[in-house]
Amino acid sequence: MDDLSIRRVAIHLTWRCTLRCEKCGAYIPKIYELGRAFDYEYDQIRQSLLALFDLVERIDVITLTGGEAILHRNIVDLCEFLLERQEKFGRLDFQTNGTVLFSDELLSVMAKSSKLTFFIDNYGPNISTNVERNVERCKQRGVRYQVRKYYGEDAHMNGWIDWSPRKEKISREAAQKQFMKCANGRPDRRPFVIYGNLLTVCAMPYCRYSIGAQPLEDILTLDLTDERLALEEKRERLLEMRDTEFNPGCQYCCGIGVDQDVKRYPAGEQVERT
């Protein structure tokens, strides 16, 4: 069996969040409106990762995300689990929105390896209220961190884009062209995402499915824990997903990821909670 490496895998830990951002790419305000905010079970995440580690030789970057990943009730256990298997990845990025104070337990784990880094998104002092305190705690404990400033004239990436789903499904041909132009369509940059037991390509199709904006059958998936599939069958499916020139989920995407001049919006603007 040839070695198989993939560049990036995000683990979507939870649909719960401390914020309700208007332009959220995970549609968190709608998730709460629909009553679908929950954590994926730790054992399920763990089994999925063990299965993935059996399939691949190496992952360049693993990202912990959500929702607000720090809210997951087993977040310290998960970081310990990954730390024990750090030979399988080059870097672990922990995304957080600067609203929750880092616990001593979490900092202790994050300090154990230079591969582990907090990415602290700062939406301004009235929203991301714990950025400065978390930065100070990271410095005190020797934890690697980066702060991404998402407000003001020098906002990171000049703000957010609008990931609203398409109202009508586009043709396969149009979606294929869109996919190959998008950064997520490039085989060398193709991002995988784990939702519970499912591995997908690109986060957006499953996020749209989670709010009822597209069907599950139009999402590229691999059930990492499916015992009916042999290891080689799973590996072949993973290779198909990595090398495909068509993602059916793109038929529901607004396609703005391919437009360098797309309109940008202030990041982290809050909507009224229902």
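Since this is a predicted model, take the numbers as computed values, not measurements.

Caption draft 1: Structural context of the pattern of salt bridges. For the structure shown, the criterion picks out 16 salt bridges. Here arginine 137 makes a salt bridge to aspartate 104, at a shortest N to O gap of 2.5 Å. Of this pair, arginine 137 sits in helix α5 (residues 131-141) while aspartate 104 is found in helix α4 (residues 104-110), placing the two residues 33 residues apart along the sequence. For aspartate 104, a relative accessible area of 41% translates into the label partly exposed. As a salt-bridge pair, lysine 149 and aspartate 154 come within 2.5 Å of each other at their nearest N and O atoms. Residue classification places aspartate 154 among the exposed residues on the basis of a relative accessible area of 53%. When salt bridges that share partners are traced, they join Arg16, Asp39, Glu41 and Arg73 into one network.

Caption draft 2: Molecular detail of the packing of aromatic side chains. The tally for this structure, following the rule as stated, stands at 9 aromatic pairs. These aromatic residues form a ring-pair network of at least three members: Trp15, Tyr195, Tyr206 and Tyr209. Directly above the ring of tyrosine 32 sits arginine 20, whose terminal nitrogen or CZ lies 3.5 Å from the centroid. Above the plane of the ring of phenylalanine 246 lies arginine 172, whose end atom (NZ or CZ) is 4.0 Å from the centre.

Caption draft 3: Here's a closer look at the packing of helix α2 (residues 42-55) against helix α3 (residues 75-83). Interaxial distance between α2 and α3 falls to 11 Å at its minimum, and their mutual angle equals 15°. The orientation of α2 with respect to α3, classified from their angle, is roughly parallel. In this structure, α2 crosses over α3, and the sense of that crossing is right-handed. Listed contacts from α3 to Tyr42, Ile45, Arg46, Leu49, Leu50 and Phe53 of α2 are Asp77, Leu78, Phe81 and Leu82. Of the residues assigned to the contact of α2 with α3, the class counts are 8 nonpolar, no polar and 2 charged.

About the cut-offs
- Residues numbered from 1 in each chain as written.
- Predicted model: local features only at pLDDT ≥ 70, side-chain atom pairs only at ≥ 80, totals over all residues.
- Heavy atoms only, no water.
- Salt bridge = Lys/Arg side-chain N within 4 Å of Asp/Glu carboxyl O.
- Helix = DSSP H or I, 4+ residues; strand = E, 2+ residues; numbered from the N terminus.
- Buried < 20%, exposed > 50% of the residue type's maximum accessible area, 1.4 Å probe, protein only.
- Phe/Tyr/Trp six-rings, centres within 6.5 Å; stacked < 30°, edge-to-face > 60°.
- Lys NZ or Arg CZ within 6 Å of the ring centre and 35° of its normal.
- Axes fitted to C-alpha atoms, helices over the stretch in contact; angles between N-to-C directions.
- Parallel < 35°, antiparallel > 145°, perpendicular 65-115°, else oblique.
- Left-handed = near helix turned anticlockwise from the far one by under 90°.
- Contact = heavy atoms within 4.5 Å.
- Nonpolar A, V, L, I, M, F, W, Y, C, P; charged D, E, K, R; others polar.

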